Amino acid sequence: MAVAEGPASGAARPRRFLLAAQPSVGHTQALRAIGRELLARGHRVVFAASTSRSIPDWLPQPEEVRTVGRVSDSLRGDGFVVLDLPTGPSRLVRGLRIAGRRGSDETLAAVDFFTSGALWDARAILRAMPAGQAADVVVADYTLLGAWLAADRAGIDFAAVFHSGLPFPAPGLTPASVILGEDGDEAEANMASATTMVDERMAAARSKLGLAPVAPGLIERPFARGLNILTTFEQFEPPRPDLVASAEGPVLWAGPCLGERVEGSRDFPWDRMGDPDTRLNDWVFISLGTVFNGQPEVYRSLIEGAHRLGLRVVVAAGSSLRAARAAADERDIVVRFAPQVELLRWVPVMITHGGNNSMNEAMKAGVPLVTVPFGGEQMANARRAELVGVGRTLPATDLTPEDVSDALFAQLQPGVRMRAQMVARSVPQVDGAVVAADALERLGRGATPDQLA
């Protein structure tokens, strides 16, 4: 397997790292930052991800499929050699079902997608690791379960990356309320279905690969024996006193992995933002991520709600670009993609769908949040922002401009902003990618568990 190499560094022998993730910005972002840090230290890095390259160009491609292609191109642009994990028709259909669903239905569709291709991915990764070329460490997003299976089958150290404390239980919160962000008997039944689906499919896959079974409840604990990296801070989460005891291996709270994120920065009209040394009180940053941005009516309500307070908006509109531009006025900035981490240093409030990376980045920047979740971890992320005291949640359905202006007014109050800034000051300012890379280097050198967390 060919590898990409960073510049020569130091006396330590370069290690070989295989990184793997689902092909979305949210699932690759932290790993990309970690991988770039490893490259810069002289290590050899390959990035495995499902791609849409097997789909004929003449077929109509929804925005979700186009996003997969952009992610693959971005990985190559970072300097990684990309190991394409082919996407079969059945898996493609499962993936397309996710964006059109809400709440528990979205989560169940996502779990179905993540687990259906695990054995396929594991075999593809194993075929790409001939004798003498295998990685020293496999590092994967927690949803790319095929990488975990491949590492176990090849006897390679494995580290899992979790974007937040989800989906691990917390006192006073049921598994359904933690993972699905919902309460009630129906939510509990859906949670049980998701847990059973994961356990049964992983048991079948491990059996076919000749691997020993693992305990049930896989998605409710940090399952990697080598290292479990949480790219958030404990201060951003509900207390989880039993987390370390439930984990299969060491747990590292690394913090958000930002790295050098430059997408959209070069062409962004920074000159229209005003004085760069002052956080601008009349701007609102709106972003609904890269998968759920096909929401023209939601964008219209968000923009109108901000305008009712006399606020200007910066909108990362994705596939809703035309609708967002129609709703905006000459004071606003509307782009397809925006340099989010940099913008969070300028704006006093952010409206977000509640994706893991956006939540952690905003909380680290000390920016209050208005969250409009559509499903999955977004529901629970909205809840954890409220528990921390920095967020307010709005429903994605029947959203009105009045709802938006009320929520923005509340989040712009000095007390909320002071709370958000206090939370930000309570965490280390080092980039989590550096912390994670340090630990992965130690894992690659054979460190003991107590030397990793």
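Residues numbered from 1 in each chain as written. Predicted model: local features only at pLDDT ≥ 70, side-chain atom pairs only at ≥ 80, totals over all residues. Heavy atoms only, no water.

### Overview of the overall build of the protein
Of the regular secondary structure elements, the protein holds 17 helices and 14 strands. Here the protein, with 453 residues, has 59% of them falling under the buried criterion. The contacts in the protein between residues at least 6 apart in sequence include a share of 70% that link residues at least 24 apart. Accessible area for the protein stands at about 18,100 Å²; split by element, carbon and sulfur atoms hold 53% of it. (Helix = DSSP H or I, 4+ residues; strand = E, 2+ residues; numbered from the N terminus. Buried < 20%, exposed > 50% of the residue type's maximum accessible area, 1.4 Å probe, protein only. Contact = heavy atoms within 4.5 Å. Areas by Shrake-Rupley, 256 points an atom, 1.4 Å probe, with all protein chains shown as cover.)

### Some thoughts on the packing of helix 6 (residues 145-154) against helix 8 (residues 185-208)
Where helix 6 meets helix 8, the closest approach of the two axes is 11 Å, and the angle between their N-to-C directions is 30°. Between helix 6 and helix 8, the crossing angle belongs to the class labelled roughly parallel. Note that helix 6 runs across helix 8; the crossing there is right-handed. Contacts between helix 6 and helix 8 involve Leu145, Trp148, Leu149 and Asp152 from the former and Met202, Ala205 and Arg206 from the latter. Here the contact of helix 6 with helix 8 is composed, by residue class, of five nonpolar, no polar and two charged. (Axes fitted to C-alpha atoms, helices over the stretch in contact; angles between N-to-C directions. Parallel < 35°, antiparallel > 145°, perpendicular 65-115°, else oblique. Left-handed = near helix turned anticlockwise from the far one by under 90°. Nonpolar A, V, L, I, M, F, W, Y, C, P; charged D, E, K, R; others polar.)

### Focus on the packing of aromatic side chains
Tallied over the full model, the rule gives 10 aromatic pairs. Where Phe162 meets Phe223, the ring centres are 5.8 Å apart and the plane angle is 75°; that geometry is what we call edge-to-face. Residue Phe162 is located in strand 6 (residues 157-162), and its partner Phe223 is located in the loop between helix 8 and strand 7 (227-230); the two are separated by 61 residues in the primary sequence. Each member of the pair, Phe162 as well as Phe223, is classed as buried. Ring centres of Phe233 and Phe236 lie 5.5 Å apart, and the angle between their planes is 85°; on these two criteria the pair is classed as edge-to-face. (Phe/Tyr/Trp six-rings, centres within 6.5 Å; stacked < 30°, edge-to-face > 60°.)

### Quick look at helix 8
Taking 1.5 Å of rise per residue, the 24 residues of helix 8 would be expected to cover 34 Å, and the 35 Å separating its terminal C-alpha atoms lies within 8% of that figure. Buried residues of helix 8: Ala187, Asn190, Met191, Ala194, Thr195, Met197, Val198, Asp199, Met202, Ala205 and Arg206, and no others. Trailing helix 8 by a residue or two, Gly210 shows a phi angle of about 75°, which is positive. (Expected span 1.5 Å × (residues − 1).)

### Topic: the pattern of salt bridges
Pairing between side chains of opposite charge can happen when their charged atoms approach one another. One pass over the structure, following the stated rule, counts 18 salt bridges. Salt-bridge contacts for Arg384 lead to Glu237; the nearest nitrogen and oxygen are separated by 3.0 Å. With Arg384 in helix 14 (residues 377-388) and Glu237 in the loop between strand 7 and helix 9 (243-246), the pair connects residues that are 147 residues apart, well separated along the chain. With respect to class, Arg384 is no different from Glu237; both count as buried. We note a salt bridge from Asp329 to Arg331, for which the minimum N-O separation is 3.5 Å. Given a relative accessible area of 30%, Arg331 falls into the partly exposed group. A single salt-bridge network, built from bridges that share partners, covers Glu37, Arg41, Asp438 and Glu441. (Salt bridge = Lys/Arg side-chain N within 4 Å of Asp/Glu carboxyl O.)

### Observations regarding the nonpolar core
In this structure, Leu149, Phe158 and Phe223 are the most contacted members of the largest nonpolar core, which totals 49 residues. With seven residues, helix 8 is the single largest residue contributor to this core. Apart from the residues lying within four places of it in its own chain, the contact partners of Phe158 are Val138, Ala140, Ala147, Trp148, Ala151, Phe223, Ala224, Gly226 and Leu227. (Core = buried A, V, L, I, M, F, W, Y, C linked by side-chain atoms within 4.5 Å.)

### A closer look at unusual backbone geometry
Phi angles above zero are rare outside glycine, and Asp398 is one such case at about 55°. Turning to its location among the elements, Asp398 is positioned in the loop between strand 14 (391-393) and helix 15 (401-411). Assessed through its relative accessible area of 72%, Asp398 is described here as exposed.

### Some thoughts on the environment of Val388
Along the chain, Val388 turns up in helix 14. Measuring from C-alpha to C-alpha, the distance between Val388 and Phe236 comes to 6.6 Å, with 152 residues separating the pair along the chain. Other than its neighbours up to four places away in sequence, Val388 contacts Gln235, Phe236, Glu237, Arg419 and Val423.

### Here's the deal with the sheet that holds strand 11 (residues 333-335)
Taken together, six strands build an open sheet; the order of strands is 11-10-9-12-13-14 and the sheet is parallel. Bordering the open sheet on either side are strand 11 and strand 14, each of which pairs with just one other strand. This sheet shows a mean twist of 15° between the axes of neighbouring strands, independent of strand direction. As paired strands, strand 10 (residues 312-316) and strand 11 are joined by three bridges and run parallel to one another. Among the inter-strand pairings, Ala316 is bridged to a residue of strand 11, identified as Val335. Along the sheet face, helix 14 touches strand 13 (369-371) and strand 14 and points at about 135° away from the line of strand 14. Sitting on the sheet, helix 15 touches strand 9 (283-287), strand 12 (350-352), strand 13 and strand 14, and the angle it makes with strand 14 is about 165°. (Pairing = 2+ DSSP bridges.)

### Let's talk about the side chain of Thr195
Position of Thr195 among the secondary structure elements: in helix 8. If we ignore the near neighbours within four places in the chain, the residues touching Thr195 are Gly217, Ile219 and Glu220.

### A short note on helix 13 (residues 356-365)
Within helix 13, nine of the 10 residues are buried, which leaves it mostly tucked inside the rest of the structure. Listed as buried for helix 13 are Asn356, Asn357, Ser358, Met359, Asn360, Glu361, Ala362, Met363 and Lys364. Looking at the packing, one finds that the buried side of helix 13 touches helix 1 (25-40), helix 12 (340-343), strand 12, strand 13, helix 14 and helix 16 (414-425).

### Some thoughts on the confidence of the model for the protein
Taken as a whole, the protein shows an average pLDDT of 84; of its residues, 84% reach a score of 70 or greater. Here residues 1-11 scores under 50 on pLDDT; set against residues more than four positions off or in separate chains, the count is 30 contacts. (pLDDT = per-residue confidence, 0-100.)

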